[in-house]
Amino acid sequence: MNRLVCLMLALCWGASAAQNAEWPTDGKDKQRSGWQQEEHILTTSNVKNMTLLWKVKTGNEARALHALMPALIAANVMTASGSKQIVLVSGISDNLYAMDAADGTLLWKKHYTYTSGAKGFELPPEMPPIMGGKTPATLNFLEPGGSSDTPVIGDAQQDGKRPVYFIDGGGMLHILNLADGADLKPPVQWEKGKAWAMNLDGNTLWLPTIKSMTAMHLDDMDHPMTPWVSKSGGVWGRRGAAIDSHGVAWLTTGDGTYDPPKEEYANSIVAVEIKDSKVVMKDYYTPTNWEWLLKRDLDPNNTPTIFRYKEHEIVAASGKECRLVLLEPDAPGGANHQTPMFRSDLFCNEAVDFQDHGSWGALSSWEDGQGNRWILAPFWGPAHSQFHFPITNTPKTEKGGLAAFKVVEKGGKFAAIPVWVSRDMDHGEPAIIANGIVFSYGSGDFTQQASPDKGLNFDSSIRARQANHATLYALDAQTGKELYSSGDQIPTFNHFSGVTIANGQVYISSYDGTLYCFGLKK
């Protein structure tokens with residue numbers, strides 16, 4: 001009898017633990033690893049049986065190419081109808097949706113309006129026609145307006161309420177109760193401009209916009225900090241900034257000039273920290289070929305990832321040029337700020353193409369049971385013909401894929417050696433890792449910004465009409481072997497979104513505002 005009771009308790013505990021995984025921020029954690037360590041339901045053996053559990057068409061209107069941001073997940077949230085696992089997803093048109101993870105039932109929705117300063121979607125008279133049209137679908141994809149950030153879910157407060165932090169397109173910070181969407185505090189005006197994913201480090205909320213990096217202490221919201229402004233090259237990184245163990249935020253900057261006396265740090269990986277009431281630059285790494293990169297629009301636009309390996313903290317970064325670099329947080333570029341700890345050969349972008357090739361989005365990282373540290377880099381276009389991956393999966397990459405590296409120690413320094421490259425994906429996107437499985441997807445995005453006959457054209461509807469559809473993949477994390485594909489179940493593409501997982505359910509969205517949930521049938 002005692003053995004039976006123990007067995008029943010163990011089974012109950014296992015079922016409960018399996019439902020406690022969360023995904024509270026873009027990239028799962030403040031280091032932007034993309035690693036779901038609490039996943040126990042999906043395995044390399046059963047993931048082939050994954051199926052579409054539910055889908056919800058939110059009604060969010062696309063702006064430019066943007067639609068829904070990556071879904072966030074919180075477990076055991078006490079609502080008026082009991083404890084629920086909640087899926088939170090934001091839409092570019094200033095929408096927030098909270099759904100029941102069990103079946104996609106909408107629990108609450110918020111839509112925000114504000115004065116943009118512009119009349120409807122009319123362009124200023126001096127704006128060239130190539131910079132976008134006059135409807136949300138035709139806006140310039142570089143500046144879509146609206147709520148382009150991914151929110152973040154905080155830990156439970158003393159009263160048990162889970163706060164949600166969200167920036168609308170007018171730069172207003174909203175702090176909501178995850179259970180019902182009610183305001184926990186009055187909204188506060190913060191930073192305007194195209195925002196990337198927010199990050200929460202203890203009591204400090206970090207907000208990157210296309211031009212600046214700023215932060216706010218949540219116990220002192222009446223005194224906003226002076227942001228660090230990129231004086232050349234915008235702030236990039238789809239998952240926003242990664243935060244290291246000392247509270248330093250790491251980000252990448254776009255095309256521009258490198259001139260330290262003028263405080264210009266374009267084409268760089270930059271570390272910023274808080275000093276008094278200001279966000280200031282702490283250190284940086286700029287490649288020696290930055291001017292060559294500038295001329296070809298090959299900036300390092302990925303969100304870095306941060307991890308520990310053999311008691312050392314390491315920053316990994318990449319970009320459109322398609323090299324992987326490892327940096328030491330205390331001296332990311334060495335004495336001259338231009339010498340990284342490790343710099344790989346080109347693993348893609350042999351064509352030196354600024355729009356259809358290169359590594360885009362964000363890097364991911366995880367550690368296997370043998371203590372090996374892995375880095376995953378998404379890319380567009382084919383893998384470089386001269387770069388050797390010991391394992392090359394098929395079909396061979398042509399439109400994009402995922403590259404896997406292991407971190408090794410060589411002569412007291414750390415390097416990243418290639419292990420496998422995935423099958424072909426139609427524009428490989430940032431990966432997530434769970435229980436020995438790598439989940440990634442081909443976005444199906446049509447990424448050409450220029451053509452020989454028309455030159456540059458930023459009307460987003462042109463790209464949307466030529467896009468394919470998104471495809472979700474599950475790969476063996478050790479070999480990259482395909483374990484599952486969603487095929488053509490997602491009929492439209494997505495742009496600059498992401499995939500998330502918790503408690504055996506994988507979430508991905510599409511341009512038409514639909515959120516898909518894949519998993520095992522009960």
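Residues numbered from 1 in each chain as written. Predicted model: local features only at pLDDT ≥ 70, side-chain atom pairs only at ≥ 80, totals over all residues. Heavy atoms only, no water.

### Looking at the pattern of salt bridges
Next, step 1: Applying the stated criterion across every chain, the model contains 17 salt bridges.
Next, step 2: Among the salt bridges present, the one from Lys399 reaches Asp426, with a minimum N-O distance of 4.0 Å. Of this pair, Lys399 sits in the loop between strand 28 (391-392) and strand 29 (400-410) while Asp426 sits in the loop between strand 30 (413-421) and strand 31 (432-434); the two residues are 27 residues apart in sequence, bridging distant segments of the chain.
Next, step 3: Of the residues examined, Lys399 reaches a relative accessible area of 45% and is grouped as partly exposed.
Next, step 4: Put simply, Asp297, Asp299 and Lys320 are held in one network by salt bridges that share partners. (Salt bridge = Lys/Arg side-chain N within 4 Å of Asp/Glu carboxyl O. Helix = DSSP H or I, 4+ residues; strand = E, 2+ residues; numbered from the N terminus. Buried < 20%, exposed > 50% of the residue type's maximum accessible area, 1.4 Å probe, protein only.)

### Description of the sheet that holds strand 11 (residues 199-201)
Next, step 1: A sheet is described by the order of its strands in space; here four strands give the open sequence 11-12-13-14, paired in antiparallel fashion. This sheet does not close on itself; its edge strands, each paired only once, are strand 11 and strand 14 (228-229).
Next, step 2: Pairing geometry for strand 11 and strand 12 (residues 204-208), over three bridges, is antiparallel. When the sheet's bridge partners are listed, Leu200 is paired in strand 12 with Leu205. (Pairing = 2+ DSSP bridges.)

### Some details on the nonpolar core
Next, step 1: Core analysis: the largest hydrophobic core is formed by 50 residues, its most contacted members being Met50, Leu88, Phe439, Tyr507 and Leu515.
Next, step 2: Discounting chain neighbours no more than four positions away, the residues touching Leu515 are Trp54, Lys55, Val56, Leu68, Ala71, Val87, Val89, Met99, Tyr507, Ile508 and Ser509.
Next, step 3: Grouped together as the second largest cluster of nonpolar side chains are 25 residues, Phe307, Leu326, Ile375 and Val407 included. (Core = buried A, V, L, I, M, F, W, Y, C linked by side-chain atoms within 4.5 Å. Contact = heavy atoms within 4.5 Å.)

### Digging into the packing of aromatic side chains
Next, step 1: Scanning the model with the defined rule gives 19 aromatic pairs in all.
Next, step 2: Consider the rings of Tyr258 and Trp290, whose centres lie 6.1 Å apart with planes at 70°: the pair is edge-to-face. Taken together, the residues span a long stretch of sequence, with Tyr258 in strand 18 (residues 258-259) and Trp290 in helix 2 (residues 290-295) at a distance of 32 residues.
Next, step 3: An aromatic cluster is present here, built from Phe347, Phe379, Phe387, Phe389 and Phe405 joined pairwise through their rings. (Phe/Tyr/Trp six-rings, centres within 6.5 Å; stacked < 30°, edge-to-face > 60°.)

### Some thoughts on the layout of surface pockets
Next, step 1: In this structure, the second largest pocket occupies an estimated 440 Å³ of space.
Next, step 2: Lining the second largest pocket are 25 residues, and of these Gly154, Asp155, Tyr165, Leu200 and Gly202 lie nearest its centre.
Next, step 3: Those elements giving two or more residues to the lining of the second largest pocket turn out to be strand 7 (152-153), strand 8 (163-167), strand 10 (183-189) and strand 11.
Next, step 4: It is strand 11 that contributes the most residues to the lining of the second largest pocket, three residues altogether.
Next, step 5: Looking at the lining of the second largest pocket residue by residue, the class counts come to ten nonpolar, six polar and nine charged. (1 Å grid on protein atoms, 1.4 Å probe; cavity = no way out; pocket = protein on both sides within 12 Å on 5 of 7 lines; lining within 4 Å. Points joined across faces, edges and corners; volume = space filled by probe spheres on them. Nonpolar A, V, L, I, M, F, W, Y, C, P; charged D, E, K, R; others polar.)

### A few points about the sheet that holds strand 3 (residues 72-79)
Next, step 1: Strand order in this open sheet of four strands is 3-4-5-6, and the pairing throughout is antiparallel. Edge positions in the sheet fall to strand 3 and strand 6 (106-111), since each has one partner strand and no second. Mean inter-strand twist for the sheet, computed between neighbouring axes without regard to direction, equals 25°.
Next, step 2: Bridge count for strand 5 (residues 95-100) against strand 6 is five bridges, and the pairing is antiparallel. Bridging across to strand 6, Asn95 finds its partner in His111. (Axes fitted to C-alpha atoms, helices over the stretch in contact; angles between N-to-C directions.)

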